[in-house]
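Below, each chain spelled out in residue letters.
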Amino acid sequence: MARILIVDDSRTSRRMLRQVLTDAGYEIVGEAANGEEGVLMYRELKPDAVTMDITMPVMNGLEALICIKKEDDNAKVIMVTAAGQKEKMVTAIKEGADDFIAKPFEPEQVVDSLNYVLSKKL
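Residues numbered from 1 in each chain as written. Predicted model: local features only at pLDDT ≥ 70, side-chain atom pairs only at ≥ 80, totals over all residues. Heavy atoms only, no water.

1. A short note on the packing of helix H2 (residues 35–45) against helix H3 (residues 61–71)
At a closest axis distance of 9 Å, the pairing of H2 and H3 adopts a crossing angle of 20°. Compared by their axis directions, H2 and H3 come out roughly parallel. Viewed along their axes, H2 and H3 form a crossing whose handedness is right-handed. Contacts from Gly35, Gly38, Val39, Tyr42 and Arg43 in H2 reach Ala64, Cys67, Ile68 and Glu71 in H3. Split by residue class, the contact of H2 with H3 holds five nonpolar, two polar and two charged. (Axes fitted to C-alpha atoms, helices over the stretch in contact; angles between N-to-C directions. Helix = DSSP H or I, 4+ residues; strand = E, 2+ residues; numbered from the N terminus. Parallel < 35°, antiparallel > 145°, perpendicular 65-115°, else oblique. Left-handed = near helix turned anticlockwise from the far one by under 90°. Contact = heavy atoms within 4.5 Å. Nonpolar A, V, L, I, M, F, W, Y, C, P; charged D, E, K, R; others polar.)

Have a look at this one:
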């Protein structure tokens with residue numbers, strides 16, 4: 001099954017995503033608490049996909065997305081954002097995000113988004 005990296009500054013969000021994705025059969029290869037950690041872990045772990053929160057300390061999700069896409073244009077990144085951040089979502093899509101999920105999310109949304117992104121051809 002696909003290997004997933006979770007990047008979110010909220011421990012609760014990371015735990016919820018881990019549970020949803022593990023239950024769906026995905027392997028969680030790492031968790032990062034900010035964008036900078038996420039970029040470093042992406043380089044090291046080379047996951048099949050990343051769930052990336054937008055609003056985080058140190059380096060936000062948009063900056064991390066840009067760094068990851070610069071290094072690996074084929075990276076599969078799903079942005080996770082609080083409702084009401086439409087402008088940031090538009091920017092994320094322009095920068096190469098493959099999909100996005102709004103918090104609070106339903107487990108099916110997360111799994112459907114991941115299945116969709118992973119099924120896209122390079």
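2. Here's the deal with helix H5 (residues 107–119)
Between its terminal C-alpha atoms H5 stretches 18 Å, which fits the 18 Å expected from 13 residues at 1.5 Å a residue. Within H5, burial applies to Val110, Val111, Ser113, Leu114 and Val117. The buried side chains of H5 occupy one side of the element, clustering within an arc of 160° when seen end-on. Buried residues belonging to H5 abut strand E1 (3–7), helix H1 (11–23), strand E3 (49–53), strand E4 (77–82) and strand E5 (99–103). (Expected span 1.5 Å × (residues − 1). Buried < 20%, exposed > 50% of the residue type's maximum accessible area, 1.4 Å probe, protein only. Arc of directions from axis to C-beta.)

3. Digging into the packing of H1 against H5
In the contact formed by H1 and H5, the axes pass within 10 Å of each other and the chain directions differ by 65°. Where H1 crosses over H5, the two elements pack in a sense that is right-handed. Two secondary-structure elements touch here, H1 through Leu17, Val20 and Leu21 and H5 through Pro107, Val110, Val111 and Leu114. Considered class by class, the residues forming the contact of H1 with H5 number seven nonpolar, no polar and no charged.

What is shown is where atoms sit, not what they do.
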